[in-house]
Structures are given as C-alpha cells and as structure tokens.
Amino acid sequence: MKKIIALLTIGLFFSCNSSAQKKETKSEKVFPVTKTETEWKNELTAEQYYVLREAGTERPFTSALNKEYREGTFHCAACNTPLFKSEHKFDSGTGWPSFDREINGNVDFSTDYNLGYARTEEHCATCGGHLGHVFNDGPRQTTGKRHCINGVALKFVPEK
C-alpha cells in the first residue's frame, strides 16, 4: 500500500502543470483592415510606420497637431478611421495631442509592459495601428482620462 501511495504522489508531482507554469501565448487580433508589412511601408512615411506599426513614440512637441484647435475630427493616418473629436482635445502640456475621450468603438485597448509596468495602450480598432496610451490624469471635470496620442498617427479633418 505504501508503494502505491508513493507512486501516486510521484505521479501527481510530475503531472502537475499549473497555469502559473504555462507560458502565456499572445494571440494576434485580426483587424478589419489588414495589410502586409511591405504594403504598410509603401503607404506610410518612415515615422508613421515606426509609430503605427512598431509601437514607437514620436518626440514630444514635434507634431503640428499638438496645437490644432480648429473644429473637426482626428482620423487614423493609416486607414482614415475617425478616432477623436476636436471638442474633446485639451492641452496637457506633455507635448503630444491629448483627448479626454475617444470616439466609441473606433479605438481598441490592450496592456503594454514595455517600460516594466502596465500601461493601457491604444490602437485604431480598424487597422490595429498604435496610437499612444491612456492615463488617469486627465481633466477631472470631464472623464479624468488623458489619451496621449502620437500626432504622426493622426490626420486632422476640419469641419466643413
């Protein structure tokens, strides 16, 4: 009987495979607009490709859209999806265009650990292009959110 219990214990020990031991597999989300990396490189500038397709960050205070306050809509530079309305833009002082909310359904979110801690990353929900990150230090009188967006990932379409 002792041998059976010992064999069962050893068997359980070697067969245990808890979820903590499993490697996390990241499944790629499929977006409505998909293109090859070559197609994206041909359609975007080098800086747009770096930000939108490689999750890069433009230097602060370099985008003309940082000071764009006309009425209109900010669209994805890669696929032209409307992402943010000018009425929700504010000057955060960070050097990147900032908004207190997105156009519902047009922005997708994920978690990014690239700096060693969790941040909420924003993507275009149509093409998956990296836009920037959202933080909880925005205007308290509205949403409290600051969508910190790379200007090169956007194009501005003024109201007519």
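Everything quoted here is computed from the prediction, not taken from an experiment.

Calculation criteria
Residues numbered from 1 in each chain as written. Predicted model: local features only at pLDDT ≥ 70, side-chain atom pairs only at ≥ 80, totals over all residues. Heavy atoms only, no water. Salt bridge = Lys/Arg side-chain N within 4 Å of Asp/Glu carboxyl O. Buried < 20%, exposed > 50% of the residue type's maximum accessible area, 1.4 Å probe, protein only. Core = buried A, V, L, I, M, F, W, Y, C linked by side-chain atoms within 4.5 Å. Helix = DSSP H or I, 4+ residues; strand = E, 2+ residues; numbered from the N terminus. Pairing = 2+ DSSP bridges. Axes fitted to C-alpha atoms, helices over the stretch in contact; angles between N-to-C directions. Contact = heavy atoms within 4.5 Å. Polar contact = N/O pair within 3.5 Å; in protein donor to acceptor, adjacent residues only side chain to side chain.

Asks: I tried to follow the pattern of salt bridges on my own but got confused; where do I start?
Replies: Side chains that carry opposite charge are capable of pairing whenever their charged atoms lie near each other. Taken as a whole and judged by the stated rule, the model has seven salt bridges. Of the charged contacts in the structure, one is a salt bridge between Glu 43 and Lys 35, with a shortest N-O distance of 2.6 Å. On the basis of relative accessibility, which here comes to 28%, the residue Lys 35 falls in the partly exposed class. The partner of Asp 137 in a salt bridge is Arg 146, with the nearest N and O atoms 2.7 Å apart.

Asks: So what exactly am I meant to see when it comes to the nonpolar core here?
Replies: Grouped burial of nonpolar side chains is what soluble globular proteins tend to show. Leu 52, Phe 74, Ala 78, Leu 83, Phe 84, Leu 131 and Leu 154 are the most contacted members of the largest nonpolar core, which has 22 residues in total. Going through the elements one at a time, α3 (46-52), β1 (72-76), β2 (82-85) and β9 (154-158) are the ones with two or more residues in this core. Broken down by element, this core gets its largest block of residues, three residues, from α3.

Asks: Explain the sheet that holds β1 here, please?
Replies: Two strands in a sheet stick together by hydrogen bonds in their backbones, pointing the same way (parallel) or opposite ways (antiparallel). Across the sheet, three strands lie side by side as β2-β1-β9; this open sheet has antiparallel pairing. This sheet does not close on itself; its edge strands, each paired only once, are β2 and β9. When strand polarity is set aside, the average angle formed by the axes of neighbouring strands in this sheet is 30°. By the bridge criterion, three bridges tie β1 to β2 in an arrangement that is antiparallel.

Asks: For this particular structure, what's the right way to read the environment of Ser 86?
Replies: Of note, Ser 86 is situated in the loop between β2 and β3 (89-90). Distance from Ser 86 to Glu 68, taken between C-alpha atoms, is 8.4 Å for residues 18 residues apart in sequence. Setting aside anything within four residues of it in sequence, one finds Ser 86 in contact with Arg 70, Glu 71, Gly 72, Phe 74 and Phe 156. Side-chain polar atoms of Ser 86 contact the backbone oxygen of Arg 70, separated by 3.3 Å.

Asks: What should I look at first to understand the sheet that holds strand β5 (residues 107-112) in this one?
Replies: Spatially, the six strands line up as an open sheet ordered β3-β4-β8-β7-β6-β5, and their pairing is antiparallel. Both edges of this open sheet fall to β3 and β5, since each of them pairs with a single strand only. The sheet contact formed by β5 and strand β6 (residues 119-124) spans six bridges and is antiparallel. Considered in β6, the bridge of Asp 108 is made with His 123.

Keep in mind that these numbers describe shape and distance, not what the molecule does.
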